[in-house]
Amino acid sequence: MLFSIIIPMYNASKSIKLCLDSILRQNFDDYEVVIINDGSTDDSESICRKVTNGHDNVFLYTFENGGVGKARRRGIQRARGDFLIFVDIDDFISPDLLKSLSEIISFHNDVEVIRYHANLINDDEGKDHQRYNSDQNLNIPMTGLEALRAWTNLGKKYALYWLFAFKRELFDRVAPIPNLRCYEDVAYIPLLIASAEMVISTDYVGYNYVCDTSDSLTNSQNIDKQRTRAYDFYYAYVHATKGICNVPNVNVDDMVFFTVDYRRRLASYFDSLPESLKDEFARLYDV
């Protein structure tokens, strides 16, 4: 099996049909869908079963709520495909994503990470609508460490599960996955990329990210949640900067470059904190 599509699901009754339909209508057949129901308390599970009825390549697992990071880890453990793709339940993928990825894999036999572009739906007018996309070295094979250098831009984001297809073997090579409720991707995805021997970036728009998530943890203005996220961002920084030292073929220049970049990101995150939290985190963030 070429692809496993992993979907963490929690109280997604309003969005689940669009998400699953976009996957089940792919014009490519060699894939499975692994849905992790993370303790949903609405109609998500029943809707999911109705939408996927008759599709023997869809597997639904239900657990008590543990957070999106734990749900992804459970999905990874159960996936059987050569490549893993992650889709958030609020979003949807383009109809020929899997076919396009399969063509890249056929052309570049040794590719381990493929990055594609994202379309942002309902994005704020004042934001950079290309902040998740990179036009650097398109369709040119890079090592993972070269890719990180090409993609490093403080105004851009690349540490997001849903921007990539990952060779499943990478998750065995880069362990352990940090147990963070927030920013696990910031801690872990750069290490996955850095460990890859071949990375391909394409400008194919394969993912549709729905930005209207005003009720999500990410956009919460609750000060306690912001405090929790600030701690997790720091722990993600520590995990990533320590982990880069264990990447195969990494040299001193790579480690310095990566650490300086993450220090800049840490400082930028600190600047974004509300004033009421800055005194609390100034010493921990060392700013």
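Model, not experiment: these values are computed from the prediction. (Residues numbered from 1 in each chain as written. Predicted model: local features only at pLDDT ≥ 70, side-chain atom pairs only at ≥ 80, totals over all residues. Heavy atoms only, no water.)

### With respect to the packing of helix α5 (residues 144-151) against helix α7 (residues 184-195)
Okay, so step 1: It is the contact of α5 with α7, at a shortest axis distance of 6 Å, that shows an interaxial angle of 130 degrees. Classified by the angle between their axes, α5 and α7 sit oblique to one another. Residues G144, L145, A147, L148 and W151 of α5 form the contact with α7, whose own contacting residues are P190, I193 and A194.
Okay, so step 2: Class assignment for the residues of the contact of α5 with α7 results in seven nonpolar, one polar and no charged. (Axes fitted to C-alpha atoms, helices over the stretch in contact; angles between N-to-C directions. Helix = DSSP H or I, 4+ residues; strand = E, 2+ residues; numbered from the N terminus. Parallel < 35°, antiparallel > 145°, perpendicular 65-115°, else oblique. Contact = heavy atoms within 4.5 Å. Nonpolar A, V, L, I, M, F, W, Y, C, P; charged D, E, K, R; others polar.)

### Let's talk about the packing of helix α8 (residues 223-243) against helix α9 (residues 252-272)
Okay, so step 1: Following both chains from N to C, one finds α8 and α9 inclined at 175 degrees, their axes separated by 10 Å at the closest point. Put simply, α8 runs roughly antiparallel to α9. Residues R229, A230, F233, Y234, Y237, A240 and T241 of α8 form the contact with α9, whose own contacting residues are F258, T259, Y262, R263, R265, L266 and Y269.

### Things to note about the environment of K157
Okay, so step 1: Considering the arrangement of structural elements, one finds K157 in the loop between α5 and β7 (164-167).
Okay, so step 2: Setting aside its immediate chain neighbours within four residues, K157 contacts R115, R131, Y132 and L163.

### Here's the deal with the pairing of β7
Okay, so step 1: Covered by surrounding structure in β7 are F164 and F166 together with A165 and K167, the residues of both alternating faces.
Okay, so step 2: Where strand β6 (residues 113-121) meets β7, three bridges bridge the pair, whose relative direction is antiparallel. Opposite I114, over in β7, you have A165 as the bridge partner. (Buried < 20%, exposed > 50% of the residue type's maximum accessible area, 1.4 Å probe, protein only. Pairing = 2+ DSSP bridges.)

### What about the environment of Y188?
Okay, so step 1: Take Y188: it is sitting in helix α7.
Okay, so step 2: Linking Y188 and F83, residues 105 residues apart in sequence, is a C-alpha distance of 17 Å.
Okay, so step 3: Setting aside chain neighbours within four positions, we find Y188 in contact with Y161, F171, V174, A175, P176, I177, P178 and H239.
Okay, so step 4: Of the polar contacts made by the side chain of Y188, one reaches the backbone oxygen of V174; its length is 2.3 Å. (Polar contact = N/O pair within 3.5 Å; in protein donor to acceptor, adjacent residues only side chain to side chain.)

### Side note on the packing of aromatic side chains
Okay, so step 1: Summed over the entire model, instances satisfying the criterion amount to 26 aromatic pairs.
Okay, so step 2: Between F281 and Y285, the aromatic rings sit 5.7 Å apart at their centres with planes inclined by 75 degrees, giving edge-to-face as the arrangement. Pair noted here: F281 and Y285 are both in helix α10 (residues 275-285), with a separation of four residues, about one helical turn. Y285 shares its class with F281; the two are buried.
Okay, so step 3: The aromatic ring of Y61 is capped on one face by R78, whose charged end is 5.4 Å from the ring centroid. (Phe/Tyr/Trp six-rings, centres within 6.5 Å; stacked < 30°, edge-to-face > 60°. Lys NZ or Arg CZ within 6 Å of the ring centre and 35° of its normal.)

### Some details on the pairing of strand β2 (residues 31-38)
Okay, so step 1: β2 sits mainly inside the fold: eight of its eight residues count as buried.
Okay, so step 2: Where strand β1 (residues 3-9) lies against β2, seven bridges are found, and the strand directions are parallel. The residue bridging I6 from the neighbouring strand is V34, located in β2.
Okay, so step 3: In the classification by handedness, the crossover that spans β1, the intervening helix α1 (residues 16-24) and the parallel β2 is right-handed.
Okay, so step 4: With six bridges connecting them, β2 and strand β3 (residues 58-63) associate as parallel partners. Across the sheet, D38 pairs through a bridge with F63, a residue of β3.
Okay, so step 5: Each parallel crossover has a hand, and for β2 linked through helix α2 (residues 44-52) to β3 it is right-handed. (Right-handed = clockwise from strand over helix to strand, strands pointing away.)

### Overview of the environment of I177
Okay, so step 1: Mapped onto the elements, I177 comes out in the loop between α6 (169-173) and α7.
Okay, so step 2: Taking the C-alpha atoms as reference points, I177 and Y158, separated by 19 residues in sequence, lie 18 Å from one another.

### Thoughts on empty space enclosed by the protein
Okay, so step 1: Under the counting rule described, the total for this entry stands at one cavity of 30 Å³ or more.
Okay, so step 2: Within this model, the largest cavity holds a volume of roughly 50 Å³.
Okay, so step 3: Forming the walls of the largest cavity are L145, L148, R149, I244, D254, F257 and F258.
Okay, so step 4: At the level of elements, α5 and α9 are the ones that each hand at least two residues to the lining of the largest cavity. (1 Å grid on protein atoms, 1.4 Å probe; cavity = no way out; pocket = protein on both sides within 12 Å on 5 of 7 lines; lining within 4 Å. Points joined across faces, edges and corners; volume = space filled by probe spheres on them.)

### Focus on a nonpolar patch on the surface
Okay, so step 1: Nonpolar side chains collect at one region of the surface, where V252, V256 and V260 lie side by side and expose about 260 Å² of accessible area between them.
Okay, so step 2: Tracing the chain through its elements places V252 in helix α9. (Patch = residues over 30% accessible without salt bridge, like charges linked within 9 Å, V, L, I, M, F, W, Y side chains within 5 Å. Areas by Shrake-Rupley, 256 points an atom, 1.4 Å probe, with all protein chains shown as cover. Salt bridge = Lys/Arg side-chain N within 4 Å of Asp/Glu carboxyl O.)

### Thoughts on the pattern of salt bridges
Okay, so step 1: Going through the model one piece at a time under the given rule, you end up with 16 salt bridges.
Okay, so step 2: Ionic pairing is found between R80 and E32, a salt bridge with its closest N-O pair at 2.9 Å. Remark: E32 occurs in strand β2 and R80 occurs in the loop between α3 (68-78) and β4 (83-86); sequence separation between them is 48 residues.
Okay, so step 3: Relative accessible area serves as the criterion here: at 46%, R80 is assigned to the partly exposed category.
Okay, so step 4: By relative accessible area, E32 is classed as buried at 1%.
Okay, so step 5: With a shortest N-O distance of 3.0 Å, R227 and E280 are connected by a salt bridge. Remark: E280 occurs in helix α10 and R227 occurs in helix α8; sequence separation between them is 53 residues.
Okay, so step 6: Within this structure, K17, D21 and R25 form a network of salt bridges that share partners.

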